Amino acid sequence: EDQVTQSPEALRLQEGESSSLNCSYTVSGLRGLFWYRQDPGKGPEFLFTLYSAGEEKEKERLKATLTKKESFLHITAPKPEDSATYLCAVLPGANSKLTFGKGITLSVRP
Amino acid sequence: EAGVTQFPSHSVIEKGQTVTLRCDPISGHDNLYWYRRVMGKEIKFLLHFVKESKQDESGMPNNRFLAERTGGTYSTLKVQPAELEDSGVYFCASSQDSSLAGGLSNEQFFGPGTRLTVL
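Quick notes on the rules
Residues numbered from 1 in each chain as written. Chains lettered and ligands numbered in written order. Predicted model: local features only at pLDDT ≥ 70, side-chain atom pairs only at ≥ 80, totals over all residues. Heavy atoms only, no water. Helix = DSSP H or I, 4+ residues; strand = E, 2+ residues; numbered from the N terminus. Rg over C-alpha atoms; globule rule 2.2 N^0.38 Å. Buried < 20%, exposed > 50% of the residue type's maximum accessible area, 1.4 Å probe, protein only. Contact = heavy atoms within 4.5 Å. Areas by Shrake-Rupley, 256 points an atom, 1.4 Å probe, with all protein chains shown as cover. Pairing = 2+ DSSP bridges. Core = buried A, V, L, I, M, F, W, Y, C linked by side-chain atoms within 4.5 Å. Salt bridge = Lys/Arg side-chain N within 4 Å of Asp/Glu carboxyl O. Buried area = accessible area lost by both parts, 1.4 Å probe. Polar contact = N/O pair within 3.5 Å; in protein donor to acceptor, adjacent residues only side chain to side chain. Nonpolar A, V, L, I, M, F, W, Y, C, P; charged D, E, K, R; others polar. Axes fitted to C-alpha atoms, helices over the stretch in contact; angles between N-to-C directions.

With that out of the way, let us pick up the overall build of chain A. When helices and strands are counted, chain A shows zero helices and 11 strands. Listing the helices and strands of chain A from first to last along the sequence gives β-β-β-β-β-β-β-β-β-β-β. Relative to the globule expectation of 13 Å for 110 residues, the C-alpha radius of gyration of chain A, 13 Å, shows essentially globular dimensions. Within chain A, the proportion of its 110 residues that are buried is 45%. Considering only residue pairs separated by 6 or more positions, chain A has 55% of its internal contacts joining residues 24 or more positions apart. For chain A, the exposed surface amounts to about 5,300 Å²; the carbon and sulfur share of it is 47%.

Written out as structure tokens, the structure reads:
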């Protein structure tokens, strides 16, 4: 069964304090790993897709990386507006149903 | 480009009543998905439409849930009769045909969700 584990559950950072969010996964034939951002009361907002080990993608202060067992979302010099829940999800080879982790709630203090 | 829209944003009903949730996908997206998040748990897949056909409904909890997508445009998810454990946030997502992305997996774009509370 496909499984996604995200850690830590919650992370509090000072503005400008860089850190990384972890997503460990097991999946039958990874077709894609997705990172989403979710703000309170809203739906998940797409950030990145990673397809194969070694791949990296960047967007503003965020950088996502992928290995065969895990993905990291690195946040460089975060700002308070980066506060949100970050979700990781995997898409298996056999179907189109995303398997999500529980998410990591990030809080950035000014 | 308009995103995925869902209606209503909130619904509070009593156990035993019926509720119908609606989802309008992004125009041109053949794939439509329903997901659900119950309190304290991760978002879980319910079912997947390709146009008007159910491609995968392996995540539907039981036969009290009925999803339709007549004409391959918007979709409805009906819960009848609702039970307490059906409370949660129901998300709809849509994506393009994967053949348009060279066979690579396509991003699923999510709507804002419908928060369902069953009392």
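Turning our eyes to something else, we now look at the pairing of strand β5 (residues 45–50) of chain A. Pairing of strand β4 (residues 32–38) of chain A with β5 of chain A, which is carried by five bridges, proceeds in the antiparallel orientation. Pairing of Arg37 of chain A across the sheet is with Glu45 of chain A, part of β5 of chain A.

Among the nonpolar cores identified, the biggest contains 23 residues, and Leu21, Leu33, Trp35, Leu73 and Tyr86 of chain A are the most heavily contacted of them. When contributions to this core are tallied by element, the ones reaching two or more residues are β2 (10–14), β3 (19–26), β4, β5, β7 (62–66), β8 (70–75), β9 (84–91) and β11 (104–109) of chain A. Element by element, the count of residues in this core is highest for β9 of chain A, at four residues. What Leu33 of chain A contacts, discounting residues up to four positions off in sequence, is Cys23, Tyr25, Phe48, Thr49, Leu50, Leu66, Ser71, Cys88, Ala89 and Val90 of chain A. Membership of the second largest hydrophobic core comes to 21 residues, among which are Val4, Ile26, Trp34 and Val79 of chain B.

For the structure on display, the rule yields nine salt bridges over all chains. Arg61 of chain A is the salt-bridge partner of Asp82 of chain A, the closest N and O atoms lying 2.8 Å from each other. Pair noted here: Asp82 of chain A is in the loop between β8 and β9 and Arg61 of chain A is in the loop between β6 (56–59) and β7, with a separation of 21 residues, a long-range link. Judged by its relative accessible area of 6%, Asp82 of chain A falls in the buried class. Between Asp56 of chain B and Lys97 of chain A there is a salt bridge whose closest N-O contact spans 3.9 Å. Separated into two different chains, Asp56 of chain B in strand β6 (residues 53–56) and Lys97 of chain A in the loop between β9 and β10 (99–100) make up a pair that spans both. Residue classification places Asp56 of chain B among the buried residues on the basis of a relative accessible area of 16%.

Let us now look at the interface of chain B and chain A. How big an interface is tends to be stated in terms of accessible area lost as the parts join. Of the residues lining the interface, 20 residues belong to chain B; the matching set on chain A comes to 21 residues. Between chain B and chain A, a total of about 1,700 Å² is buried, with carbon and sulfur atoms accounting for 57% of that surface. At the junction of chain B and chain A, the tally comes to one salt bridge. Here chain B is connected to chain A by six residue pairs in polar contact (both at pLDDT 80 or more). Sort the elements by how many residues they give to the side of chain B that touches chain A and strand β4 (residues 31–37) of chain B lands first, with three residues. Taken together, the residues that form the side of chain B that touches chain A break down as nine nonpolar, seven polar and four charged.

Residue and element names in this part refer to chain A. Read from one edge to the other, the open sheet built from five strands follows the order β1-β3-β8-β7-β6, with strand pairing classed as antiparallel. With one partner strand each, in any of the chains shown, β1 (3–7) and β6 form the two edges of the open sheet. In this sheet, adjacent strand axes meet at a mean angle of 15° when their direction is disregarded. The sheet contact formed by β3 and β8 spans six bridges and is antiparallel.

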